[in-house]
Amino acid sequence: MKRRNTPSKTAVLSALERANTALSHDKLLDTLAGSVDRATIYRILNRFCEDGIAHRIVADDGKQYFALCEDCSHQEEHSHNHFHFRCLQCDRVECLTTEVSVNLPKGYLAENFNGVISGKCRACGSL
Ligand SMILES: [Zn+2]
Ligand SMILES: [Zn+2]
Ligand SMILES: [Zn+2]
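Predicted, not measured: the structure shown is a model, and the values here were computed from it. (Residues numbered from 1 in each chain as written. Chains lettered and ligands numbered in written order. Predicted model: local features only at pLDDT ≥ 70, side-chain atom pairs only at ≥ 80, totals over all residues.)

Caption draft 1: Here's a closer look at the sheet that holds strand β2 (residues 54-58). Pairing is antiparallel in the open sheet, where three strands are placed in the order β1-β3-β2. Looking at strand neighbours, the two that pair on one side only are β1 (23-24) and β2, the edges of this open sheet. Bridging between β1 and strand β3 (residues 64-68) involves two bridges; their strand directions are antiparallel. Residue pairing across strands places S24 opposite Y65, the latter belonging to β3. Helix-sheet contacts for helix α3 (residues 38-51) involve β2 and β3, and the interaxial angle to β2 is about 110°. (Pairing = 2+ DSSP bridges. Helix = DSSP H or I, 4+ residues; strand = E, 2+ residues; numbered from the N terminus. Contact = placed C-beta atoms within 7 Å. Axes fitted to C-alpha atoms, helices over the stretch in contact; angles between N-to-C directions.)

In structure tokens:
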């Protein structure tokens, strides 16, 4: 089913594209400066996750962040096996492109992967 692109959807999408990093609801709300309300942002982000446009990261600060997917919309199952990095100083959350494989006990089946490393990003670490 093809979904209609509303102006709000386009605004959220381009905010994520411009940011080039993962954004929380609050940051998106800031970025969009009131042009899209909070509830709509929540709804759009959930839909993006279902459609393989974005994925959700629950970081170690307890907040949810959303990052654009490379091309998950072509995959049948929407899953990720990369870690995320959160900078404790500038609060930037980004996808680490290295794929991670974890050896689970026999008979276990992984469906979600949520790994977050926090520390200092390149810009903050070199201060
Ligand atoms: Zn994805
Ligand atoms: Zn930083
Ligand atoms: Zn990611």
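Caption draft 2: Main features of the packing of helix α1 (residues 7-19) against α3. Where α1 meets α3, the axes come as close as 10 Å, and the angle between the chain directions of the two elements is 75°. Taken together, the axes of α1 and α3 lie roughly perpendicular to each other. Along the contact surface, α1 presents S8, K9 and V12, while α3 presents T40, I41 and I44. Considering only residue class, the contact of α1 with α3 consists of three nonpolar, two polar and one charged. (Parallel < 35°, antiparallel > 145°, perpendicular 65-115°, else oblique. Nonpolar A, V, L, I, M, F, W, Y, C, P; charged D, E, K, R; others polar.)

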